[in-house]
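Spelled out from the first residue to the last, the chains are:
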Amino acid sequence: MNVNAGNDATMNVNICYALHDEKGSFSKFVGTSMASVFMHTNARVVVHLLHDDSLSAENREKFEALAKEYGQSVRFYNVEELATQGLIRVLEAVPEMESSRFSVAAFYRLFMGSVLPPDVHRVIYLDSDTIVNLDIVRMWREPVGANGLAAISEVAITHDFPAPQPLVESGEVARERYFNSGVMLIDMDALRQRATLIDDSIAMLKAHPRTFCYDQDVLNYFFSRDYHELPALYDKFVSIERHFGISVSDGIYHYAGKALDFFIDDDPYNELFLNSFCQTPWFSQSMIKNFFREIQKSYGRWRDVWRISFNAAAGRERIFCGDGTSERFVREIFDAKKGEPYRVVVDDEGNLFAGKLIAEMKKHRNALYVLCFAGLDALRPYLDDAGLRDGVDYIDGGQYLPSGKGGWELTSGDFFDEV
């Protein structure tokens with residue numbers, strides 16, 4: 001179905017989001033994306049919000065107030081209630097979803113065909129971390145493919161540097177056809193014809209345990225061959241655009257990963273996000289207070305880390321551990337004395353000599369081991385089993401290193417996510 005005519009002021013545009021908000025702090029991202037849509041169009045917009053029981057009454061009221069402010073409307077669909085059995089089967093098939101970097105809401109888009117009412121014939125699906133910097137009617141009028149779907153390939157989004165994908169590596173999806181599921185135009189009538197999509201998705205995920213993008217991999221497995229490829233302007237990855245120094249222009253900006261970082265001075269992409277966020281009910285006096293409270297809490301946690309590390313090191317021999325290329329840098333950071341030992345516990349391929357390290361640590365309990373390598377979190381259970389205690393027998397030296405040298409990077413998004 002193509003949409004090529006009609007007056008913008010009388011046109012109805014359906015937009016769908018998916019939301020899981022266990023801490024109550026994620027709704028503001030969906031609200032910010034909604035505001036960006038409303039700010040740039042004269043069309044009538046109906047937002048279809050797929051959610052679960054984690055949506056609080058307070059956030060629901062804010063979504064309603066935002067839509068009302070712009071003369072638009074929002075409809076709510078509790079996927080846990082409307083697609084209970086299907087959702088249970090999907091989560092049973094992919095239990096690792098609970099600990100992945102993707103929210104369970106990523107699966108909700110697979111239920112659009114059964115959850116959205118039959119009078120919804122066409123939908124633009126947007127991830128919650130998108131900012132629409134154009135009139136959404138432009139995308140609404142684009143054609144869809146033979147299978148009812150239109151999307152943007154990751155080759156185009158990443159300027160020909162897409163992340164490795166198991167389905168591409170196995171040859172089941174062509175590299176140039178693998179698309180990002182965060183921005184899609186969907187013919188709902190065509191989607192509803194796939195009555196077995198959920199069962200087929202479960203079978204696909206079981207047959208391809210290496211997949212890690214879950215819903216995106218499912219959609220690519222079934223739709224990549226015949227979808228219509230949209231221009232890249234509809235799904236601009238902020239991290240890529242920033243890397244290449246591309247100016248902000250018309251388009252849909254996708255803040256995937258940790259692309260939002262207010263610590264970057266005079267960044268146009270952060271300003272674009274804030275311009276929309278400040279128009280939402282989530283931007284308030286209490287939000288500002290909570291933001292500074294999170295900064296204060298973070299500073300308090302760091303003071304505890306400094307105190308514990310300082311006390312643990314007092315009067316004890318320090319033994320530094322890392323890879324073969326980091327010794328000089330680690331010694332400079334910690335002002336290591338000439339006689340303080342450095343152990344190479346990670347080989348050139350990145351393999352950690354865990355057994356050897358733990359055996360030595362158990363033997364030298366009077367020393368404090370300063371562990372300066374990636375993967376310490378995965379090692380902690382084994383250190384616990386050996387009776388080796390964080391802050392007593394060892395400290396995480398990596399947290400003191402600069403981000404470019406293996407240390408973790410602090411972004412303002414870490415605070416903003418919690419507010």
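As a reminder, the structure under discussion sits directly above these lines.
A brief report on the enclosed structure follows.

Thresholds, definitions, all that
Residues numbered from 1 in each chain as written. Predicted model: local features only at pLDDT ≥ 70, side-chain atom pairs only at ≥ 80, totals over all residues. Heavy atoms only, no water. Helix = DSSP H or I, 4+ residues; strand = E, 2+ residues; numbered from the N terminus. Contact = heavy atoms within 4.5 Å. Areas by Shrake-Rupley, 256 points an atom, 1.4 Å probe, with all protein chains shown as cover. 1 Å grid on protein atoms, 1.4 Å probe; cavity = no way out; pocket = protein on both sides within 12 Å on 5 of 7 lines; lining within 4 Å. Points joined across faces, edges and corners; volume = space filled by probe spheres on them. Nonpolar A, V, L, I, M, F, W, Y, C, P; charged D, E, K, R; others polar. Expected span 1.5 Å × (residues − 1). Buried < 20%, exposed > 50% of the residue type's maximum accessible area, 1.4 Å probe, protein only. Salt bridge = Lys/Arg side-chain N within 4 Å of Asp/Glu carboxyl O. Core = buried A, V, L, I, M, F, W, Y, C linked by side-chain atoms within 4.5 Å. Pairing = 2+ DSSP bridges. Axes fitted to C-alpha atoms, helices over the stretch in contact; angles between N-to-C directions. Parallel < 35°, antiparallel > 145°, perpendicular 65-115°, else oblique. Left-handed = near helix turned anticlockwise from the far one by under 90°. Patch = residues over 30% accessible without salt bridge, like charges linked within 9 Å, V, L, I, M, F, W, Y side chains within 5 Å.

1. Quick word on the overall build of the chain
Phase 1: A tally of helices and strands in the chain yields 18 helices and 14 strands.
Phase 2: Principal axes of the C-alpha set define a box for the chain whose edges measure 80 × 50 × 40 Å.
Phase 3: Pairs at least 24 apart in sequence give 74% of the contacts found in the chain among residues at least 6 apart.
Phase 4: For the chain, the exposed area adds up to about 20,200 Å²; of that, 51% sits on carbon and sulfur atoms.

2. Describing empty space enclosed by the protein
Phase 1: Considering all chains together, one arrives at one cavity of 30 Å³ or more under this definition.
Phase 2: Here the largest cavity defines a volume of roughly 50 Å³.
Phase 3: Surrounding the largest cavity, Arg 109, Leu 110, Met 112, Leu 149, Met 184, Ile 186, Leu 191, Leu 197 and Leu 219 form its lining.
Phase 4: Its residues assigned to classes, the lining of the largest cavity shows eight nonpolar, no polar and one charged.

3. Here we look at helix 1 (residues 27-39)
Phase 1: Across its 13 residues, helix 1 extends 18 Å between first and last C-alpha, which sits within 8% of the 18 Å expected from 1.5 Å per residue.
Phase 2: Among the 13 residues that make up helix 1, 12 are buried, leaving the element largely enclosed by the rest of the structure.
Phase 3: Every buried residue belonging to helix 1 is among Ser 27, Lys 28, Phe 29, Val 30, Gly 31, Thr 32, Ser 33, Met 34, Ala 35, Ser 36, Val 37 and Phe 38, and all of these are buried.

4. Observations regarding the pattern of salt bridges
Phase 1: Going through the model one piece at a time under the given rule, you end up with 20 salt bridges.
Phase 2: Across the pair Arg 109 and Asp 127 runs a salt bridge, and its minimum N-O distance is 3.3 Å. Placement of Arg 109 in the loop between helix 4 (84-93) and helix 5 (112-115) and of Asp 127 in the loop between strand 4 (122-126) and strand 5 (130-133) is noted, with a sequence separation of 18 residues between them.
Phase 3: For Asp 215, the salt bridge goes to Arg 109, with nearest N and O atoms at 3.0 Å. Taken together, the residues Asp 215 in helix 11 (residues 215-223) and Arg 109 in the loop between helix 4 and helix 5 connect sequence positions 106 residues apart.

5. So, the nonpolar core
Phase 1: In terms of nonpolar packing, the biggest core is built from 55 residues, with Val 13 and Tyr 255 touching the most fellow members.
Phase 2: If you tally residues by element for this core, the top one is helix 1, at six residues.
Phase 3: Ala 18, Val 94, Val 115 and Leu 116 belong to the second-largest nonpolar core, a separate cluster that totals 43 residues.

6. Points about the sheet that holds strand 12 (residues 342-346)
Phase 1: Spatial strand order, 12-11-13-14: four strands in an open sheet with parallel pairing. Of all strands in the sheet, those bounded by a partner on one side alone are strand 12 and strand 14 (394-396). Between one strand axis and the next, the sheet turns by 25° as a mean value, whatever way the strands run.
Phase 2: In the sheet, strand 13 (residues 368-371) pairs with strand 14 via three bridges, with the strands oriented parallel. Pairing of Leu 371 across the sheet is with Asp 396, part of strand 14.
Phase 3: Most of the contacts of helix 15 (residues 327-334) go to strand 11 (residues 318-323), to which it runs at about 140°, and overall it touches strand 11, strand 12 and strand 13.

7. Remarks on unusual backbone geometry
Phase 1: Of note, the phi angle at His 159 is positive, near 55°, even though the residue is not glycine.
Phase 2: Mapped onto the elements, His 159 comes out in the loop between helix 7 (154-157) and helix 8 (166-169).
Phase 3: Its relative accessible area of 33% is what places His 159 among the partly exposed residues.

8. A closer look at the side chain of Ser 36
Phase 1: Looking at where Ser 36 falls in the secondary structure, it is placed in helix 1.
Phase 2: Ser 36 gets classed as buried once you look at its relative accessible area, which sits at 0%.
Phase 3: Each residue touching Ser 36, except ones within four places of it in the same chain, is listed here: Thr 130, Ile 131, Val 132 and Ser 276.

9. Some words on the packing of helix 16 (residues 354-363) against helix 17 (residues 376-385)
Phase 1: Running from N to C, helix 16 and helix 17 cross one another at 45°; their axes reach a closest spacing of 11 Å. Here helix 16 lies oblique to helix 17, going by the angle between them. In this structure, helix 16 crosses over helix 17, and the sense of that crossing is right-handed. Contact residues: Ala 354, Leu 357, Ile 358 and Met 361 in helix 16; Leu 379, Tyr 382 and Leu 383 in helix 17.

10. Focus: a nonpolar patch on the surface
Phase 1: A surface patch of nonpolar side chains, about 290 Å² in accessible area, is lined by Phe 283, Ile 288 and Phe 292.
Phase 2: Examined against the element boundaries, Phe 292 turns out to sit in helix 14 (residues 285-313).

11. Some details on the packing of helix 10 (residues 197-207) against helix 11
The geometry of a pair of packed helices is captured by two quantities: the angle between their axes and the separation between those axes.
Phase 1: The interhelical angle for the contact between helix 10 and helix 11, taken along N-to-C directions, is 105°, at an axis separation of 10 Å. By the criterion of interaxial angle, the relationship of helix 10 to helix 11 is roughly perpendicular. Counted together, Leu 197, Asp 200, Ser 201, Met 204 and Leu 205 of helix 10 and Asp 217, Val 218, Tyr 221, Phe 222 and Phe 223 of helix 11 form the full contact between these two elements.
Phase 2: Of the residues in the contact of helix 10 with helix 11, the class split is seven nonpolar, one polar and two charged.

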